Amino acid sequence: MRKIPYLHIILFIVTFLTTLTAGALQKGINIIKEPIRIVEGLPFAGTLMTILLCHELSHYMASKKHHTKATLPYFIPAPSIIGTFGAFIKMKSPIITRKALIDIGASGPIAGFIVSVIACIAGLSMSEVVSLSNAEGALSLGDSILFSFLSRVTLGIAPDNHDILLHPVAFAGWIGLFVTSLNLIPIGQLDGGHVAFAILGERHRYISIVLVVVLAVLGIFYWEGWALWAVLMLILRIKHPPVLYWEVPLDPKRRFIGILTFIIFVITFIPSPFKILP
């Protein structure tokens, strides 16, 4: 008889509540005075939790397909503007082949990417262009290549001194794309690191070292968070553990998936994701 995964369920429920709270606070709702209005955070919370769930369950199902033991997703609640620090699954057995490594590493980002793009398109269609004249001190989100393209296609080019006031669904989609880019950085044991190691082998370590330096530089000139991310990568170690049967070759399908994940990384990466308007 299988045990009920109480911890996973509790963390999911708590994270849903914290993202629901974050969604309500984004709309300026005082949930202490008007607790019933917390449900107005549902568009944001529902979209973001769906993106995270699709990402992690895709990892989980790919792990099962390749007979790699993995836990169900652990969701991480957080008292922040988005209500969560994300989610993760834990591998409990070695990954056997490079094929499995690419499938497991790429499945989550690709699934999350697809849902995030759908959310962005739907959310942008409900967003509006607003004047920046009264936006002093406001938080401005950076644009990736893809999000900028989606904004122009959906809303057209915003005139000078104007910006897009994102609908909560679009904001959740933006976060989903940002999380995708973070996971696809080809360093260490990130999802992008899994894919890069499967293709490049030990050469991946040198790429990881170079990219950690690049992140540190970006942290100096663009966004301080990149410097923290570089330090975190060093703490988590940039050397990727080997697969059991390296000699099993990659087929053209897996190599295509590897190229696809690199393209997704490039078009979703944001050098300066957050800034305060002067």
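Residues numbered from 1 in each chain as written. Predicted model: local features only at pLDDT ≥ 70, side-chain atom pairs only at ≥ 80, totals over all residues. Heavy atoms only, no water.

Q: What exactly am I supposed to notice about the pairing of strand β2 (residues 84-88) here?
A: For a regular strand, side-chain orientation follows a simple rule: the groups alternate between the two sheet faces. By the bridge criterion, 4 bridges tie strand β1 (residues 74-77) to β2 in an arrangement that is antiparallel. Opposite Pro77, over in β2, you have Thr84 as the bridge partner. Two successive antiparallel strands, β1 and β2, enclose a turn made up of 6 residues, where Gly83 displays a positive phi of approximately 80°. (Pairing = 2+ DSSP bridges. Helix = DSSP H or I, 4+ residues; strand = E, 2+ residues; numbered from the N terminus.)

Q: Could you clarify how one ought to interpret the pattern of salt bridges in this entry?
A: One pass over the structure, following the stated rule, counts 7 salt bridges. Here Glu40 makes a salt bridge to Lys27, at a shortest N to O gap of 3.8 Å. You can see Glu40 sitting in the loop between α1 (6-26) and α2 (42-65) and its partner Lys27 sitting in the loop between α1 and α2, a full 13 residues away along the chain. Residue classification places Glu40 among the partly exposed residues on the basis of a relative accessible area of 27%. Residue classification places Lys27 among the partly exposed positions, given a relative accessible area of 46%. (Salt bridge = Lys/Arg side-chain N within 4 Å of Asp/Glu carboxyl O. Buried < 20%, exposed > 50% of the residue type's maximum accessible area, 1.4 Å probe, protein only.)

Q: Before we go on, may I ask you to explain a nonpolar patch on the surface in this structure?
A: Residues Ile4, Tyr6, Ile9, Ile10, Ile13, Val14 and Leu17 make up a contiguous nonpolar surface patch of about 650 Å² in total accessible area. Residue position: Leu17 is located in helix α1. (Patch = residues over 30% accessible without salt bridge, like charges linked within 9 Å, V, L, I, M, F, W, Y side chains within 5 Å. Areas by Shrake-Rupley, 256 points an atom, 1.4 Å probe, with all protein chains shown as cover.)

Q: I keep staring at helix α6 (residues 191-200) and nothing clicks. Help me out?
A: Helical geometry note: an α-helix holds 3.6 residues per turn, so side chains three or four residues apart project in the same direction. Most of α6 is tucked away: 8 of the 10 residues are buried. On its buried face, α6 sits against α2, α3 (98-124), α5 (168-183), α7 (203-221) and α9 (252-268). Gly201 sits one or two residues past α6 and shows a positive phi near 70°. (Contact = heavy atoms within 4.5 Å.)

Q: Even after reading the chapter, I still don't get the packing of α3 against α5, so can you show me in this structure?
A: Helix packing geometry: the angle between the two helix axes and the distance between the axes. Remark: α3 packs on α5, axes separated minimally by 7 Å, with the N-to-C direction vectors making an angle of 150°. By the angle between their directions, the pair α3 and α5 is classed as roughly antiparallel. Seen along the crossing, α3 lies across α5 with a hand that is left-handed. Only Val169, Ala170, Gly173, Trp174, Gly176, Leu177 and Thr180 of α5 make contact with α3, whose side of the interface consists of Pro109, Gly112, Phe113, Ser116, Val117, Ala119, Cys120, Gly123 and Leu124. Per-class residue counts for the contact of α3 with α5 are 10 nonpolar, 6 polar and no charged. (Axes fitted to C-alpha atoms, helices over the stretch in contact; angles between N-to-C directions. Parallel < 35°, antiparallel > 145°, perpendicular 65-115°, else oblique. Left-handed = near helix turned anticlockwise from the far one by under 90°. Nonpolar A, V, L, I, M, F, W, Y, C, P; charged D, E, K, R; others polar.)

Q: I keep staring at the nonpolar core and nothing clicks. Help me out?
A: The nonpolar side chains of soluble globular proteins are, as a tendency, buried together. Among the nonpolar cores identified, the biggest contains 40 residues, and Phe44, Ile185, Ile187 and Trp226 are the most heavily contacted of them. Setting aside its immediate chain neighbours within four residues, Phe44 contacts Thr19, Ala22, Gly23, Gln26, Ile82, Pro168, Phe171, Ala172 and Ile175. Counting 13 residues, the second largest nonpolar core, distinct from the first, contains Ile102, Val195, Phe197 and Ala198. (Core = buried A, V, L, I, M, F, W, Y, C linked by side-chain atoms within 4.5 Å.)

Q: Whenever I open this one, the side chain of His55 confuses me. Can you help?
A: With respect to the element layout, His55 can be found in helix α2. Look at His55 and you get buried, because its relative accessible area is 5%. Once residues lying within four places of it in the same chain are set aside, the contact partners of His55 are Gly108, Pro109, Gly112, Asn183 and Asp191.

Q: Could you clarify how one ought to interpret the environment of Arg237 in this entry?
A: Counting through the fold element by element, Arg237 comes out in the loop between α8 (224-236) and α9. Assessed through its relative accessible area of 59%, Arg237 is described here as exposed. Along the chain, Arg237 and Gln26 lie 211 residues apart, while their C-alpha atoms are 36 Å from each other.

Q: Would you explain α9 in this entry?
A: An ideal rise of 1.5 Å per residue puts 24 Å on 17 residues; α9 measures up with 24 Å between its terminal C-alpha atoms. Of all the positions in α9, only Arg254, Ile257, Gly258, Thr261, Ile264, Phe265 and Thr268 are classed as buried. Taken end-on, α9 shows its buried residues confined to a sector of 125°, consistent with a single buried face. The outward face of α9, more than 90 degrees from its buried face, is lined by the exposed residues Pro252, Phe256, Ile259 and Phe262. (Expected span 1.5 Å × (residues − 1). Arc of directions from axis to C-beta.)

Q: Whenever I open this one, the packing of α3 against helix α4 (residues 145-155) confuses me. Can you help?
A: Where α3 contacts α4, the two axes come as close as 9 Å, and the packing angle between them is 35°. Between α3 and α4 lies a crossing of right-handed hand. The segment α3 lies against α4, with Phe113, Val117, Cys120, Ile121 and Leu124 engaging Leu146, Phe147, Leu150, Ser151, Thr154 and Leu155. Here the contact of α3 with α4 is composed, by residue class, of 9 nonpolar, 2 polar and no charged.

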